[in-house]
Amino acid sequence: MASDSMDREIILADFQACTGIDNIAEAITLLELNNWDLVAAINGVINDCSATAEAAVAPPATSSSSSSPPSSSSAFCPVLPSRHIVERQPRMLNFRVEYRQRTVEVVVEEGSAVGEIKHILETELQVPISQMQLKGWKSGDVSDVVSISLKTIVLESLNQNFLLVISHREAQRDYNLNFPGSRTIQEVKRNVSDLTNIPVRHQQWEGWPAAASDDSMTLAASGISYPCHHLSVCRRSSPVNNTEANMFEQCADVHMVSDSEGDDFEDASEFGVDESEMFGMGSSTGCRKAALMPENSENESDALLHFTAEFSTRYGECHPVFFIGTLEAASQEAFYGKARDRKLLAIYLHNDESVLSNVFCSQMMCADSIVAYLSQNFITWAWDVTKEANKARLLTICTRHFGSVVAQTIRTYKTDQFPLLLIVMGKRTSNEVLNVIQGNTTVDELMMRLMGAMEIFSAQQQEDIKDEDEREAREMVKREQDEAYQLSLEADRKKREAQEREQAEQLRLQQIQKEADDEKEAIRLSLEHALPPEPAEEGGEPISKLRIRTPSGEFLVRRFLGSTKLQVLFDFVASKGYPWDDFKLLTTFPRRNITQLDPASSLLEAKLFPQETLFLEAKE
């Protein structure tokens, strides 16, 4: 049954391509009238317009009327290519050598040695080999080893790692990718396709060297800079695809000629040629050589990468951007971001056994309006259920994410009702399938159903945005309160720390002052104990009576021997709390500064005899 459905899909596609009938219902009707016999159906269409066909294929008049017409067999005899034994040619290596103002192109075989390059350069540049040093080898300096094989150098360069700095211009993002020299340009482009979602065939590059014209070339042989090379990539604008028009022209030519040759198509098998090749089906079946999705793929991401690449090969580059990742990741992307950024999830389920799949993909899914609308409002995830193993895996995934109801709904659809487009909307507690669009639809109907789903989603989204804004407003008020509280705590902490520092400084100063006072008191007491005793008023030696007025207005009165040194007087004043370093001792008249006199002189010598009134004054 699966094989019969696949054959009918191929027959329908080729019948439309060869006859130009775009109406699917009309094409199916004509094929059913001929029991899905492609040759008979095409002949029937050609016979309906035989007058036009005969005029189009009438052969030009020939001057030789005696020549016999070719037989029907020879008219369709294919020309099979003869087999040739091709001798493998040695691989040639191109080198560009720069010397001063000259550039020399050197072409040698891969098995040649470095010395051969030097001999060629010696002839071209007139530079002795002994004075020649070649620089720029990617595998290091090998200029002194003339016998080493170039193939060895190339193999060594294949083991080197190249850093490719690739700028994705649309996304304004740079990728730093490390590749071994053995990696091909094609493999690099495929890896970049995984990162940027730009298929290889749609990539437009800048920065590849002119020598890198073949994607099968390795990085080591491509001429890129080592160890780092800068490239940029963007999506190439899709040119108008004339494949179907060309196919129609080719098929029309073949079948129009066949009408003039009679009914000898049954003999085509005698020449080892399948009817599908005769009627232009080679190009139609060629794009179906590989399934959209491999069976039993290890992970969903790899399967979807293969799906996207094969879908682009079949139907062109203008198609929805399929999400590369698990269905869970696609749901996270669509449903669990900010309310304003959320989208609907479109799950496309493909089945190659359905007749409608080819038309739905080429005319619906690849329509510019549908592609634009899906890209703007949906996250599109795809899966191929052609293989039973892949279908079972999908049902398991859907049961896990959407429940058994969705899985059972998919089971109820027959193969001929595929492909399906499930529109899923995320809700607070669960995900809801809004619509299931079958393959037997039109572009306008598909767009209307997508827009209807968007209306439902927009209403729900506005409620979610309102709730989210209110929640964010409450959270902002709470954050502001928390920040104000934290600021208050911080201010109190700083105030407390400042008070503690001030108290500590006061205690420190008090301690210093106390230590200074204690030191002064100790000095005072030591001076007081060191003073000689006060002499009596009547004695044998001359007595000098001194009255000293302090800054506070009090008087210090004491008797001294006339022979007493001035230092004793200074010590007496200091013992009363007025050190002579801080105060000066003055006479009243004439005004003299006694502290400037020699401390070793006596009171008699200082003329402080028999009595004198002095006063203390603080030094400036």
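Source: prediction; values computed, not measured. (Residues numbered from 1 in each chain as written. Predicted model: local features only at pLDDT ≥ 70, side-chain atom pairs only at ≥ 80, totals over all residues. Heavy atoms only, no water.)

The helix and strand tally for the protein stands at 19 helices and 14 strands. Per-residue burial for the protein yields a buried fraction of 38% across its 620 residues. Partitioning the intrachain contacts of the protein with sequence separation of at least 6 by distance along the chain shows that 63% fall at a separation of at least 24. Of the roughly 36500 Å² of accessible surface on the protein, a fraction of 50% belongs to carbon and sulfur atoms. (Helix = DSSP H or I, 4+ residues; strand = E, 2+ residues; numbered from the N terminus. Buried < 20%, exposed > 50% of the residue type's maximum accessible area, 1.4 Å probe, protein only. Contact = heavy atoms within 4.5 Å. Areas by Shrake-Rupley, 256 points an atom, 1.4 Å probe, with all protein chains shown as cover.)

Ordered by their spatial adjacency, 4 strands build an open sheet running β8-β7-β9-β10, and the pairing between neighbours is mixed. Either end of the sheet is taken by a strand with one partner, and the two such strands are β8 (378-384) and β10 (431-437). Each adjacent strand pair in this sheet contributes to an overall mean axis angle of 25°, direction not counted. Strand direction decides the pairing type here: strand β7 (residues 344-350) and strand β9 (residues 420-426), joined by 5 bridges, are antiparallel. Directly across from Ala346, in β9, lies its bridge partner Ile423. Here helix α15 (residues 368-377) sits on the sheet in contact with β7 and β8, set at roughly 110° to β8. (Pairing = 2+ DSSP bridges. Axes fitted to C-alpha atoms, helices over the stretch in contact; angles between N-to-C directions.)

A word on the packing of helix α16 (residues 388-402) against helix α17 (residues 404-412). A pair of packed helices can be characterised by two numbers: the angle between their axes and the separation between those axes. Across the interface, α16 lies against α17 with an axial gap of 7 Å and an inter-helix angle of 145°. Each of Leu394, Leu395, Cys398, Thr399 and Phe402 in α16 lies in contact with α17, whose residues at this interface are Ser404, Val406, Ala407, Ile410 and Arg411. Looking at the contact of α16 with α17 residue by residue, the classes come out as 7 nonpolar, 2 polar and 1 charged. (Nonpolar A, V, L, I, M, F, W, Y, C, P; charged D, E, K, R; others polar.)

A few words now on the sheet that holds strand β3 (residues 161-168). The 4 strands are arranged β4-β3-β6-β5 in an open sheet whose pairing can be described as mixed. Bordering the open sheet on either side are β4 (173-180) and β5 (203-206), each of which pairs with just one other strand. Strand-to-strand twist in this sheet, taken as the mean axis angle between neighbours without regard to direction, amounts to 30°. Relative to strand β6 (residues 228-235), β5 runs antiparallel, the two sharing 4 bridges. When the bridges of β6 are listed, Trp205 appears paired with Val233. On the sheet, helix α8 (residues 185-196) packs against β3, β4, β5 and β6 and is oriented at approximately 145° with respect to β4.

Inspection of every chain in the model, using the stated rule, returns 13 aromatic pairs. Where Trp381 meets Trp383, the ring centres are 5.5 Å apart and the plane angle is 10°; that geometry is what we call stacked. For the pair Trp381 and Trp383, a shared accessibility class is recorded, and that class is buried. Ring centres of Tyr578 and Phe583 lie 5.2 Å apart, and the angle between their planes is 85°; this geometry places the pair in the edge-to-face category. Note on Tyr578: relative accessible area 18%, which makes it buried. Of the residues examined, Phe583 reaches a relative accessible area of 17% and is grouped as buried. Arg547 extends its terminal NZ or CZ atom over the ring of Phe555, reaching a point 4.4 Å from the ring centre. (Phe/Tyr/Trp six-rings, centres within 6.5 Å; stacked < 30°, edge-to-face > 60°. Lys NZ or Arg CZ within 6 Å of the ring centre and 35° of its normal.)

Considering the arrangement of structural elements, one finds Met365 in helix α14 (residues 356-365). With relative accessibility at 0%, the residue Met365 sits in the buried group. Expressed as a C-alpha distance, the spacing of Met365 and Leu446, which sit 81 residues apart in the sequence, is 9.4 Å. Beyond its immediate sequence surroundings of up to four residues, Met365 is in contact with Phe311, His319, Pro320, Phe322, Tyr348, Phe360, Val371 and Leu374.

Looking now at the state of the cysteines. Here the structure, examined in full by the defined rule, presents 0 disulfides. You can see Cys361 has no disulfide; the closest cysteine sulfur is in Cys366, sitting 6.7 Å from it. By relative accessible area, Cys361 is classed as buried at 0%. (Disulfide = S-S within 2.5 Å.)

For the rest of this paragraph, the subject is the environment of Gln126. Inspection of the secondary structure assignment puts Gln126 in the loop between α6 (114-125) and α7 (150-158). Taking the relative accessible area as the measure of exposure, Gln126 reaches 64% and is therefore exposed. A distance of 2.9 Å separates the side chain of Gln126 from the backbone oxygen of Thr123, its partner in a polar contact. (Polar contact = N/O pair within 3.5 Å; in protein donor to acceptor, adjacent residues only side chain to side chain.)

Per the counting criterion, the structure on display carries 20 salt bridges. Put simply, Asp518 and Lys514 hold a salt bridge, and the shortest N to O gap is 3.1 Å. Taken together, the residues Asp518 and Lys514, both in helix α18 (residues 443-530) and 4 residues apart, mark about one turn of the helix. Here Glu534 makes a salt bridge to Arg559, at a shortest N to O gap of 3.8 Å. Of this pair, Glu534 sits in the loop between α18 and β11 (543-549) while Arg559 sits in strand β12 (residues 555-561), placing them 25 residues apart in sequence. Overlapping salt bridges, with partners in common, bring together Glu310, Arg314 and Asp352 in one network. (Salt bridge = Lys/Arg side-chain N within 4 Å of Asp/Glu carboxyl O.)

Shape is all these values report; function is a separate question.
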